[in-house]
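Given next are the chains, with one letter for each unit.
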Amino acid sequence: MSESSAEAAVEAAVAASSAVSAAGPASWRRAGVAGTAIGVVAAGAAAGVAIERLTVGRGIRRKARLALDSAGPYGALRGTPGMAAADDGTELYYEVDEVDEVGKVGEVGKVGEVETDETLAPRRRRLFGRRTPAPVTVVFSHGYCLSQDSWHFQRAALRGVVRTVHWDQRSHGRSGRGVAQTEDGIPVTIDQLGRDLKAVIDAAAPEGPLVLVGHSMGGMTMMALADQYPDLIRERVAGVALIGTSSGRLGEVNFGLPVAGVNMVRRILPDVLKALGQRAELVERGRRATTDLFAGIIKRYSFASRDIDPAVARFAERLIESTPIDVVAEFYPAFTDHDKTEALARFADLPVLVLAGVKDLVTPSEHSEFIASLLPDAELVLVPDAGHLVVLEHPEAVTDRLADLLTRVGAVPAGATVGGYGSTSSTARRG
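All values reported here derive from a predicted model rather than from experimental measurement. (Residues numbered from 1 in each chain as written. Predicted model: local features only at pLDDT ≥ 70, side-chain atom pairs only at ≥ 80, totals over all residues. Heavy atoms only, no water.)

1. Here we look at the overall build of the chain
Move 1: Of the regular secondary structure elements, the chain holds 17 helices and 10 strands.
Move 2: Residues counted as buried form 56% of the 431 residues belonging to the chain.
Move 3: In the chain, 80% of the contacts between residues at least 6 apart in sequence involve partners at least 24 apart.
Move 4: Working note: accessible area of the chain is about 17900 Å², and carbon and sulfur atoms make up 54% of it. (Helix = DSSP H or I, 4+ residues; strand = E, 2+ residues; numbered from the N terminus. Buried < 20%, exposed > 50% of the residue type's maximum accessible area, 1.4 Å probe, protein only. Contact = heavy atoms within 4.5 Å. Areas by Shrake-Rupley, 256 points an atom, 1.4 Å probe, with all protein chains shown as cover.)

Here it is, written out as structure tokens:
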């Protein structure tokens, strides 16, 4: 590890320790341990950015980030906005992309380019053939520390072809902060997220068949929906896609760390995150000061491909960086408690796609294999050279399989598939 990278790791550890110590004398005694744990997590990422820090100056790196932010079109797609009210009053933001009718000018499908029926028709045929899709609404639920924009490639591919709903989970993206959390101090639970999804469905797609698509925490949200609203699943859900997610046992994930490191992280990380959340302003300043280190951590735990498009990698950074540290802290304990294995039975009679990156360090592919083992008729797809953010890393593989799922539910003609859309890496390939 270079001296500058090591310095960045130390800065992050000191920021964590300072935040913990500010919480009280008891926490102070754990500050050194907290710093060590954060350092263990940071070490691998710091090593990964060491060469870059030796050869490229801080100012040049900052300018490169700004250039990528201004040039990258990712996350720029917008639909018809709406707001749903959760059961505790939290405002949940969603957007709807409608099906483009024949002869009607479509929405803006690419930045700076308006799609007419003439430009949309070839893409519609490539995706689904020549027949008009059935009136199915596809509801996309995003993952932890992300937003609806993480579905950029899938949204672009399906835009105008099938009705879609994209929403931001509470305290993420454009949705409001969780009222129960900020006003009543009630912890976030996966069950609460399931009720939030029901509120969005009631507001944005109150009638007609549904296809539910979830990545990571979004998949867990769908399991909670199924657990609490079995009638909805039985009567309206036509298909399900569970991407890079887990039905439980997340406390056993080692995040690619050595045994000693992961045991330390499991033991104290909840307390550390809670303390960091209480000192959000201080931590956010430290976060900005160690941008390169956090970028390395994000890349390590998001992607597996070596030649991921820098603009896509930067887009992922922006999504994750936009999640305040106190929100990160609020949600983390919910994953330890998450266990919706029994709820998977609600999906047993439906067409189901289970997809994961083989090199996912956050929700390992073994968790997807376990889900598929409980759903014998599910299609299991393991994408090689893919990490946790497979929806951004290999979007073509994901969108292809989603199109296949829509074919299975009868929303599109048989034999249709996706070809040649949305590759972000020269090593991208179908799973």
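2. Brief notes about the side chain of His-142
Move 1: For His-142, the position within the fold is in the loop between β5 (137-141) and α5 (152-158).
Move 2: Separated by 2.8 Å, the side chain of His-142 and the backbone nitrogen of Gln-169 make a polar contact.
Move 3: Apart from residues lying up to four places away in sequence, His-142 is in contact with Ser-147, Gln-148, Ser-150, Trp-151, Trp-167, Asp-168, Gln-169, His-172, His-215, Met-217 and Gly-218. (Polar contact = N/O pair within 3.5 Å; in protein donor to acceptor, adjacent residues only side chain to side chain.)

3. A word on helix α8 (residues 217-228)
Move 1: Taking 1.5 Å per residue, 12 residues should reach 16 Å; α8 reaches 17 Å between its end C-alpha atoms and fits that length.
Move 2: For α8, a buried count of 10 out of 12 residues is recorded, marking the element as mostly surrounded by other parts of the structure.
Move 3: Every buried residue of α8 is listed here: Met-217, Gly-218, Gly-219, Met-220, Thr-221, Met-222, Met-223, Ala-224, Leu-225 and Ala-226. (Expected span 1.5 Å × (residues − 1).)

4. Concerning the sheet that holds β5
Move 1: Here eight strands make up an open sheet; going across it, the order is β1-β2-β6-β5-β7-β8-β9-β10 and the pairing mixed. Two strands lie at the open edges of the sheet, namely β1 (80-85) and β10 (379-383), each paired on one side alone. Taken over all neighbouring pairs, the strand axes of this sheet differ in orientation by 20 degrees on average, direction set aside.
Move 2: The pairing of β5 with strand β7 (residues 210-215) spans five bridges and is parallel. Following the sheet pairing, Val-139 is matched in β7 by Leu-212.
Move 3: With respect to the sheet, α8 is in contact with β5, β6 (163-167), β7 and β8 (237-243), its orientation differing from that of β7 by roughly 135 degrees. (Pairing = 2+ DSSP bridges. Axes fitted to C-alpha atoms, helices over the stretch in contact; angles between N-to-C directions.)

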